[in-house]
Amino acid sequence: HTGHNVMGLTKWLLVLAVPLLVLYVLTRSSKRIRYTVKYTAYLLLVCFIAFCTVIYSIFRLRRSPENFACVTRMTKFLRVPELMGIEYFIEGEEILEGSESPRIYVSNHQSSLDMMGMYLVWPKRTTIMAKSLLKYVPVFGLGAWLCQTVFIDRVSKDKAKRVLEKTIKQIKDDKLSLWVYPEGTRNREGGMLPFKKGAFRLAVDAQVGQLLVNIVNHMKQAVAKTLVSMDM
């Protein structure tokens, strides 16, 4: 029986090892394949962190921006940037920690890699504004919803207006801060797209301050290096 068990285990190890070896050889021979493999692994890690956040939120029995604590802890615990070969340089982190008053964080958005840098410095009592389609992404959407993400419908202005009015009330009543991408979409070309007015109207109507967050993303290499700087 022992011999059969050893043979069976060896067979399964070979089944796993051969594809991994082939994948390793391919990633060493092609920058494009290496980038694709790493980016796929990155997305899988994001989904895993979202799954952990769902479990964390269920145990807390609360839908709250405080559930983002699980996201930040898992990002640091798993060392996601290091695993992916991504290097983040953060300037002005003390500004984020220096106030407990609610704010609107106004940030540019260049790629999905921005998320990890964002979660490394995530302020307390803060949620994020995102397009409504993201709530239908399996696991990720549920995790985002449980973190009280503000989903905006880009098609229906009436729905978007109602969501903004509800968000203003939450900012005032719950002392909630909000992270907003005023460009409305990712911009991979460098520079910035024209800002939409929503973030600034929120700040004015809720009577809270704004903090500008500038993300500079260098993606010319197969492995991206992201520079995050924060300025008043």
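Okay, so let's go over this structure. (Residues numbered from 1 in each chain as written. Predicted model: local features only at pLDDT ≥ 70, side-chain atom pairs only at ≥ 80, totals over all residues. Heavy atoms only, no water.)

## Examining the side chain of Thr126
Step number 1: Among the secondary structure elements, Thr126 is positioned in strand E3 (residues 126-131).
Step number 2: Given the relative accessible area of 0%, Thr126 is considered buried.
Step number 3: A distance of 3.1 Å separates the side chain of Thr126 from the backbone oxygen of Lys124, its partner in a polar contact.
Step number 4: With sequence-adjacent residues up to four places away left out, Thr126 is seen in contact with Pro65, Phe68, Tyr105, Ser177, Leu178 and Trp179. (Helix = DSSP H or I, 4+ residues; strand = E, 2+ residues; numbered from the N terminus. Buried < 20%, exposed > 50% of the residue type's maximum accessible area, 1.4 Å probe, protein only. Polar contact = N/O pair within 3.5 Å; in protein donor to acceptor, adjacent residues only side chain to side chain. Contact = heavy atoms within 4.5 Å.)

## Let's talk about the pattern of salt bridges
Step number 1: This model, assessed by the stated rule, comprises five salt bridges.
Step number 2: Across the salt bridge formed by Glu66 and Arg62, the nearest N and O atoms sit 3.5 Å from each other.
Step number 3: Since its relative accessible area comes to 30%, Glu66 is described here as partly exposed.
Step number 4: Residue Lys169 is joined to Asp173 by a salt bridge in which the shortest nitrogen-to-oxygen separation is 2.7 Å. Placement of the pair is Lys169 and Asp173 together in helix H8 (residues 157-174), with a separation of four residues, close to one helical turn.
Step number 5: The class for Asp173 is partly exposed, based on a relative accessible area of 48%.
Step number 6: Salt bridges here are not isolated pairs; linked through shared partners, they connect Arg60, Arg62, Glu66 and Arg125. (Salt bridge = Lys/Arg side-chain N within 4 Å of Asp/Glu carboxyl O.)

## A short note on the packing of aromatic side chains
Step number 1: Under the counting rule described, the total for this entry stands at six aromatic pairs.
Step number 2: On the numbers, 5.6 Å between centres and 25° between planes, the contact of Tyr105 with Trp179 is stacked. Note that Tyr105 is positioned in strand E2 (residues 103-107) and Trp179 in strand E5 (residues 177-180), a separation of 74 residues in sequence.
Step number 3: Residue Tyr105 is classed as buried on the basis of its relative accessible area of 2%.
Step number 4: Since its relative accessible area comes to 1%, Trp179 is described here as buried. (Phe/Tyr/Trp six-rings, centres within 6.5 Å; stacked < 30°, edge-to-face > 60°.)

## Here we look at the packing of H8 against helix H9 (residues 198-206)
Step number 1: Two elements in contact, H8 and H9, have axes separated by 10 Å at closest approach and are oriented at 45°. One finds that H8 runs oblique with respect to H9. Considering how the two elements wind past one another, H8 and H9 form a crossing that is right-handed. Contact with H8, carried on its side by Leu164, Thr167, Ile168, Ile171 and Lys172, involves Leu202, Asp205 and Ala206 of H9 and no other residues of that element.
Step number 2: A per-class count over the contact of H8 with H9 returns five nonpolar, one polar and two charged. (Axes fitted to C-alpha atoms, helices over the stretch in contact; angles between N-to-C directions. Parallel < 35°, antiparallel > 145°, perpendicular 65-115°, else oblique. Left-handed = near helix turned anticlockwise from the far one by under 90°. Nonpolar A, V, L, I, M, F, W, Y, C, P; charged D, E, K, R; others polar.)

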